[in-house]
Structure formats: structure tokens, C-alpha cells
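Next come the chains, spelled out residue by residue.
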Amino acid sequence: PARRDRLDRGSDAVNGLVAFSLFFLLQAPPSPSLARAAVKDTEPPRIEIRHAQTVDYDGQARLIRLDGAVHVVRLTMSIKADHVVIHLTDDEKRVQSAVATGHVDLVDGERRGRADRAEFIEASQDIILTGNPKLRNGPNEMAADSIVYNLNARTMRASGRVRGILVPGATF
């Protein structure tokens, strides 16, 4: 009986994690190329968890913590990192911000960013890369102490020990 209780409690925990993961996976759009078209202005963009060793959800703190070879996709952006923490709005229906740390690799179309840390701020649509950040799009390459890329405006600002290659006519 005691062994069965432990198994039942363990099964409940596993079932809860599976249900939570499925909640996010089932909301994911079928492919990144269709993602922007699939999301209406009134619906929050979906997050697809493609891989993580652990996922912890804390409703009271309004955050989701993913650890261990994390790979998430949101709209057209793919993020790989050692750890990702997603901060939700008060109603827990939208992403407020997200922080990826450790071997961060971002891909959005032809754009690719690498850094030790990346922070995404929903309100401004800024991605702030720090810790050996590099940003590349086609022939353009940039490295600096900090790189801020805006998803809506498709603008980039590099600051602190800036070095790179800019090709006229090519965009970031």
C-alpha cells in the first residue's frame, strides 16, 4: 500500500508535467513560417517547447523555468540555451519578458544571434544580447559588448567595443 501511494503520487506529478507541456505544445502553430499568420492580434503568441530537461511552472510567481538544453520556438524565432525563464503578465495569458542564459543561440529567418545572455522584452519587442554577443544577417556581422535588436522595426544598436562588417544595401 505505501509503495502504491508513492507510485500514485509520482504518476500524478508526471501526469501534471505532461499535461502542462502538452498545453504549450498543442497551442503551437504548425510551422514557424506560418506562425505570424496563424496568430491573431488578440491572441497571445504560442510557445512551443521542443526540448528541455526540466520545466517548472510557478503560477504564484508567474514564471516558467526551463533548464537543460532548452529549445523553444515562438512565432518565427527559435531559441536554444542552457536555461530560459519566461515571465508572464499578471493574468498569466501573455509573456511579459524572457531571459535565456548560457550558450544562447537565436534564429529568426536569416538572422542569427549568439550570446551568453539574451533578454526579450514584450512591450518594446527588444532583444538585448550581452556577454560576447554576435549578430549576423547575410553578409552583415556585428559584435560588441551589447547588441539590442528590435523585432518590429528590424533595427539594431551595438554599443561598447563594436566591431563588424556592414554591406551597403544589406539589412540587419
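That block above? That's the structure.
Given the structure is predicted, the values throughout are model-derived calculations rather than measurements. (Residues numbered from 1 in each chain as written. Predicted model: local features only at pLDDT ≥ 70, side-chain atom pairs only at ≥ 80, totals over all residues. Heavy atoms only, no water.)

(A) The overall build of the chain, seen in detail. Counting its regular elements, the chain contains two helices and 12 strands. The N-to-C order of helical and strand elements in the chain reads α-α-β-β-β-β-β-β-β-β-β-β-β-β. Counting across all 172 residues of the chain, residues that qualify as buried make up 36%. Across the chain, every contact between residues at least 6 apart in sequence was considered, and the portion connecting residues at least 24 apart equals 32%. If you sum the accessible surface of the chain, you get close to 10300 Å²; carbon and sulfur atoms cover 54% of it. (Helix = DSSP H or I, 4+ residues; strand = E, 2+ residues; numbered from the N terminus. Buried < 20%, exposed > 50% of the residue type's maximum accessible area, 1.4 Å probe, protein only. Contact = heavy atoms within 4.5 Å. Areas by Shrake-Rupley, 256 points an atom, 1.4 Å probe, with all protein chains shown as cover.)

(B) Fine view of the nonpolar core. Counting 30 residues, the largest nonpolar core has Leu 66, Val 72, Val 84, Ile 86, Leu 106, Ile 127 and Leu 129 as the members making the most contacts within it. At the level of secondary structure, the elements contributing two or more residues to this core comprise strand E1 (47–51), strand E3 (63–74), strand E4 (77–88), strand E5 (95–108), strand E6 (111–121), strand E7 (126–130) and strand E10 (146–150). If we skip the residues at most four places from it in the chain, Val 84 touches Ile 64, Arg 65, Leu 66, Val 70, Val 99 and Ala 100. (Core = buried A, V, L, I, M, F, W, Y, C linked by side-chain atoms within 4.5 Å.)

(C) View of the environment of Gly 164. Following the sequence through the fold, Gly 164 ends up in strand E12 (residues 163–165). Given a relative accessible area of 54%, Gly 164 falls into the exposed group. When the C-alpha positions of Gly 164 and Asn 140 are compared, they lie 7.5 Å apart, and in sequence the two are 24 residues distant. What Gly 164 contacts, discounting residues up to four positions off in sequence, is Glu 141 and Met 142.

(D) Spatial organisation of unusual backbone geometry. The backbone phi angle of Ala 69 is positive, close to 50°, even though this residue is not glycine. Using a relative accessible area of 48% as the deciding quantity, one classes Ala 69 as partly exposed. Of note, His 103 is a non-glycine position whose phi angle comes to about 50°, a positive value. When you line up the elements, His 103 lands in strand E5.

(E) Highlighting the pairing of strand E8 (residues 134–137). Here E8 shows a buried face lined by Leu 135 and Asn 137 and an unburied face lined by Lys 134 and Arg 136. Two elements, E6 and E8, share four bridges in a ladder whose sense is antiparallel. Within E8, the residue paired with Arg 111 across the bridge is Asn 137. Looking at chain direction, E8 and strand E9 (residues 140–143) are connected through four bridges and run antiparallel. Paired with Arg 136 across the two strands is Glu 141, which belongs to E9. As consecutive antiparallel partners, E8 and E9 are separated by two residues, and within that stretch Gly 138 has a phi angle of approximately 60°, a positive value. (Pairing = 2+ DSSP bridges.)

(F) How the structure looks around the pattern of salt bridges. For the structure on display, the rule yields nine salt bridges. A salt bridge links Glu 48 to Arg 50, with the shortest nitrogen-to-oxygen separation between them at 3.0 Å. The shortest N-O distance in the salt bridge between Glu 141 and Arg 136 comes to 2.5 Å. (Salt bridge = Lys/Arg side-chain N within 4 Å of Asp/Glu carboxyl O.)

(G) Region of interest: the pairing of E9. Pairing between E9 and E12: three bridges, direction antiparallel. Bridging from a neighbouring strand, Glu 141 pairs with Ile 165 of E12.

(H) Structural detail: a negative patch on the surface. Negative charge collects at one region of the surface, where Asp 56, Asp 58, Asp 91 and Glu 92 lie side by side. For Asp 56, the location among the structural elements is in strand E2 (residues 54–58). Classification of Asp 56 by relative accessible area gives partly exposed; the value is 42%. (Patch = residues over 30% accessible without salt bridge, like charges linked within 9 Å, V, L, I, M, F, W, Y side chains within 5 Å. Lys, Arg positive; Asp, Glu negative; His and termini not counted. Charge placed at Lys NZ, Arg CZ, Asp CG, Glu CD.)

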